[in-house]
Amino acid sequence: MTACRAPLPLALLVALLSASLLPFIPTPHPPQTLAPASNHTGANYIVRFIRYDRAEDHRSYLEARVRSPGWRWVERRNPASRYPTDFGLVSIEEGPAGEDLIGEIGRLGLVKDVSLDMSYGRGLLGESGERFGAFVDGKKRPGKIFTPMSFSEGEGEYYTAISNSSISWRRHLLASRSQVTSMFGASTLWEKGYTGKKVKMAIFDTGIRADHPHFRNIKERTNWTNEDTLNDNLGHGTFVAGVIAGVDAECLGFAPDTEIYAFRVFTDAQVSYTSWFLDAFNYAIATKMDVLNLSIGGPDYLDLPFVEKVWEITANNIIMVSAIGNDGPLYGTLNNPADQSDVIGVGGIDYSDHIASFSSRGMSTWEIPHGYGRVKPDVVAYGREIMGSKISTGCKSLSGTSVASPVVAGVVCLLVSVIPESKRKEILNPASMKQALVEGAAKLSGPNMYEQGAGRVALLESYEILKSYQPRASIFPGVLDFLDCPYSWPFCRQPLYAGAMPIIFNATILNGMGVIGYVDGPPTWHPSDEEGNLLSIHFSYSEVIWPWTGYLALHMQIKEEGSQYSGEIEGNVTVKVYSPPSQGEKSPRRSTCVLQLRLKVVPTPPRSKRILWDQFHSIKYPPGYIPRDSLDVRNDILDWHGDHLHTNFHLVFNMLRDSGYYVETLGSPLTCFDAHQYGTLLLVDLEDEYFEEEIEKLRGDVINSGLGLAVFADWYNVDTMVKMRFFDDNTRSWWTPVTGGANVPALNDLLAPFGIAFGDKILNGDFSMDGEQSRYASGTDIVKFPRGGFVHSFPFQDSSESGATQNVLLSAGMTKADSPILGLVEVGEGQVAVYGDSNCLDSSHMVTNCYWLLRKILDFTSGNIRDPMLFSPSVKRDNPLYIDDNQLPSRRTDVNFSTYSSVVGKELICSSDSRFEVWGTKGYNLQVRGRNRRLPGYPVIDLGRGLNSTAEVFPKTRPKSREKRKGDSSGNGYLGLFYGDELDMPVLVPSHWLAPVVIAVAGILLFFSFWRIRQKRRRRRKGSGSVRMANP
């Protein structure tokens, strides 16, 4: 009887324990991509068709073939409804049925695709003059992700991204406020009678008032928004129109007789939708506009309906001009659509011919991490304190690339009017106009090609080119000169040498002969002398050039026989292009493009001076929500600058070159480089996973081949990531970070053979080492490190969700605990150094740099030179730093990572940015067949033991945190709430110390229950003399 009654206290204990844990059990969250807020019942979707037809016919087609309920046709009442269209707008109920309905519509024969009707928003000025972008204080504003627009000089101070210093917006206008038109010599063409007559100029903006006194030729105003007005209530559209065609003496425009067609595509709140743009673009095509100015932009170049409609606009011979963005002085910040090769992208300069600090810099980031970006902007124009028209009357000044854009649009209108109207469509097109602009531009002496493009627009020089223009194809830039510094940066900063990764140069083919063209045979390298045969060039290029433009990428290597050569190599690359004959012609149009090369070559540097930068494992926005590395940055929360040595890490590249290092970029897996050639593999701010073969090879490279490994990680905390998610009212979906600042679980897999792992703290604070003051900004901690290594720790505050309780205790007077952030260790023949923060290398939002630390780390990893401060005996570990694997940061299970990864679900292959000899293979010294990477968890590689090492190396084991128990759909049960698998929402009290406390209390209660049961039995045995029974 006693044995039967014993479970009662246990059951009671379990019930109490379950009740105590109930507040921590997460409620289910909707999926990331489709979960709407509760007050959202439907969303508008763009259904694109493969042909143009009347909207009523498209509607009838869908109604006749879509059998499922839950959708309705959305009428669009605007001027474009009079013309055939290639898309329809439908409202679809959300939820699983809505997903099925989207698929059903998408499978119809005449349907091209179905996509969300995304919203565009443009930056606006607050009452204080502050510029707003897509995020304010960490929260997303309504509208599509965008960057700030033009701004007034009254804003006061502008803070740079690379220092705490401020730049005062002083006025740089010449005496008596010179007209911008006079800076380009516009009066010379006015005197010849060229004033923009018969040029149809489409201004996509905030509208214009019909009776504005500054304009003599407002032909049409159209409204594409859901507001019932044609007027400009903000002033931006009026200002842009004034720069192009204003006639007021105080703020003259370039082409006063241009016909203005004002497309009001933004509401008073500066919000727009893709469907509004698509209708307005279709109307611009139908009404045969000549030029289109679009002073908007943002980082999302994957809004395909919008991007492809821009291609269609230019394919219909409309010359589009667009602002490159106001995200300077940061690199890799080009805005779309200005970053498209068929669009004239415009940057900004001041009146001293200096690149304006606000002007976005290149290169384009479409192509990276697995290629190399194009040169953008195309040209620059004055964009600071430009005079333009106010809403009703009078003039004002604004600054920004959205001001520089209408400057160029005005120049284009003036140039179009130079060509007789009867010949314009034969001669003028987006390619020929860009040729005239870039070939006539004045190259500025200070900026590089990714800051200024071809240079400052030169109206009169472009006029001379167009006067005698004959349709032809050309390459932009037409010269790559390694001796032309700083214009040819970064190529002029580092010469070629044998054994290096290919240097990639991505040029643009401009085809003024026709909207479609073809490359006639492979490009050809023509060296000027015998030494030129030491250069090997592989080409990748657009076989079909459409619309008007294509690409030509040069992959350049020095042959092995040139390993001791020092000197210059000169020659030309030629590309033959042809287009179908124009009307009245019988034979195709043909042209030969020439790209001039002058390259500097040096003998192959010693291994200790060669660094390999891992670009392959970098992921950026778009397409995934990749969060910013520093969580202190509240108004720019996306990591969208490319994370490339020549974008937001360009200062690191310059520093390494100044320090005598040669830096190469790897855009393929880690199996695709020969470790014997490099002193250090540098891993900075990486977000992707790793193939099993990469982990295996890197272990051998370090331990057996003496490769140095330097890792700069970033924060990773699942609770914090979950808290950062938001509902986007434009895409009508939940946005949640797909990883942290870095993918710490993946890095831990890579570092596991060396006994090293990072944790999930988010540490912030200032510290000093060897007299160098540094800032640790949202970095992580080191939780595993081998015996014999050197580990530096500092007292930082943990700002992660799981560190909240600790911080409460700290505020009560407790001292901060030291957190390990820097570790250095010799492993076999190689050296490994890890640091938990990369923000000090990233120019995007750097507080202080840590270049001094990087140099000391490279001294160690590449040459085993030990700095006395870093290798002080006081920081040497006599015992390993260790935690159990199931306490390591775990991957999110609620995110389909394969959507964004180049590893998960992909085949291991060496691509065209690796050495020629391994193109298309699995890499060096691999006798394995490629296989797809899987998550979460994958079979373990037995890397073996027994290698000599000066430090303890932990065996490679399968991380327990990545395993999932059978029969447990939530991972590790309630323990998973603290140490286990990824939560899809914040728990009420997400504190890592709570689990041990709960478990300890439960253990005490269990022990006390068993003790009381045992005591009762003993008393009963003594009282009754019964036979001794076994313990229950």
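Just above sits the structure.
Attention in this report is confined to the structure presented alongside it. Quick caveat: nothing in here was measured; it's all calculated off a predicted structure.

Attention now moves to the state of the cysteines. Among covalent bonds in proteins, the disulfide is the one between the sulfur atoms of two cysteines. With the rule as written, the count across this model stands at 4 disulfides. Through a disulfide, Cys251 is tied to Cys395; the S-S separation comes to 2.0 Å. Taking the sign of the S-S torsion, about -60° here, the bridge from Cys251 to Cys395 comes out left-handed. Linking Cys251 in the loop between α7 (236–245) and β14 (259–264) with Cys395 in strand β21 (residues 395–398), this pair joins segments that are 144 residues apart in sequence.

For the rest of this paragraph, the subject is the nonpolar core. With 147 residues, the main nonpolar core has Val408, Met433, Leu437, Leu597 and Leu841 as its most contacted residues. Sort the elements by how many residues they give to this core and helix α10 (residues 401–416) lands first, with 11 residues. Non-local contacts of Val408, meaning those with residues more than four positions away in its chain, are made with Val321, Ile344, Val346, Val379, Ala381, Leu437 and Val457. If you look at the next biggest cluster of nonpolar residues, it comprises 52 residues, including Met501, Leu612, Cys672 and Ala742.

Considering all chains together, one arrives at 39 salt bridges under this definition. A salt bridge links Glu63 to Arg59; the nearest nitrogen and oxygen atoms lie 2.9 Å apart. Residue Glu63 and its partner Arg59 are both found in helix α3 (residues 55–65); the two are separated by 4 residues, about one turn of the helix. Between Arg598 and Asp481 there is a salt bridge; the shortest N-O distance is 2.9 Å. Separated by 117 residues along the polypeptide, Arg598 in strand β31 (residues 589–601) and Asp481 in strand β23 (residues 479–481) bring together distant segments of the chain. Judged by relative accessible area, which is 14%, Asp481 ranks as buried. One salt-bridge network, in which partners are shared between bridges, spans Arg48, Lys112, Asp113 and Glu308.

To continue, consider the side chain of Gln340. With respect to the helices, strands and loops of the structure, Gln340 is situated in the loop between β17 (319–323) and β18 (344–349). Setting aside residues up to four positions removed in sequence, Gln340 forms contacts with Val307, Val310, Trp311, Trp366, Arg374, Lys376 and Lys434.

The sheet built from 7 strands is open, its strands ordered β13-β14-β12-β16-β17-β18-β19 with parallel pairing. Here the strands that pair on one side only, and so sit at the sheet edges, are β13 (218–223) and β19 (379–382). The average undirected angle you get between the axes of adjacent strands in this sheet is 25°. Sheet analysis places β17 next to β18, joined by 3 bridges and oriented parallel. Note that in β18 the partner of Val321 across the bridge is Ile344. Across the sheet, α10 lies against β12 (200–205), β16 (291–294), β17, β18 and β19, angled at about 160° from β17, the strand it touches most.

For the rest of this paragraph, the subject is the pairing of strand β40 (residues 772–779). Two strands pair when backbone bridges link them, and strand β39 (residues 763–769) and β40 are joined in this way by 7 bridges, in the antiparallel orientation. Bridging across to β40, Asn764 finds its partner in Ala777. Linking two consecutive strands that pair antiparallel, namely β39 and β40, is a turn of 2 residues; a positive phi of about 55° is found at Asp770 within it.

The subject of this paragraph is the packing of aromatic side chains. Summed over the entire model, instances satisfying the criterion amount to 37 aromatic pairs. Taking 5.8 Å as the distance between ring centres and 40° as the angle between the ring planes, the aromatic pair formed by Phe277 and Phe281 counts as tilted. Taken as a pair, Phe277 and Phe281 lie in helix α8 (residues 274–286) at a separation of 4 residues, close to a single helical turn. In terms of burial, Phe277 and Phe281 fall into one category: buried. Note on Phe491 and Phe505: the rings are 5.4 Å apart at their centroids and 85° apart in plane angle, and the pair reads as edge-to-face.

How each quantity is defined
Residues numbered from 1 in each chain as written. Predicted model: local features only at pLDDT ≥ 70, side-chain atom pairs only at ≥ 80, totals over all residues. Heavy atoms only, no water. Disulfide = S-S within 2.5 Å. Helix = DSSP H or I, 4+ residues; strand = E, 2+ residues; numbered from the N terminus. Core = buried A, V, L, I, M, F, W, Y, C linked by side-chain atoms within 4.5 Å. Buried < 20%, exposed > 50% of the residue type's maximum accessible area, 1.4 Å probe, protein only. Contact = heavy atoms within 4.5 Å. Salt bridge = Lys/Arg side-chain N within 4 Å of Asp/Glu carboxyl O. Pairing = 2+ DSSP bridges. Axes fitted to C-alpha atoms, helices over the stretch in contact; angles between N-to-C directions. Phe/Tyr/Trp six-rings, centres within 6.5 Å; stacked < 30°, edge-to-face > 60°.

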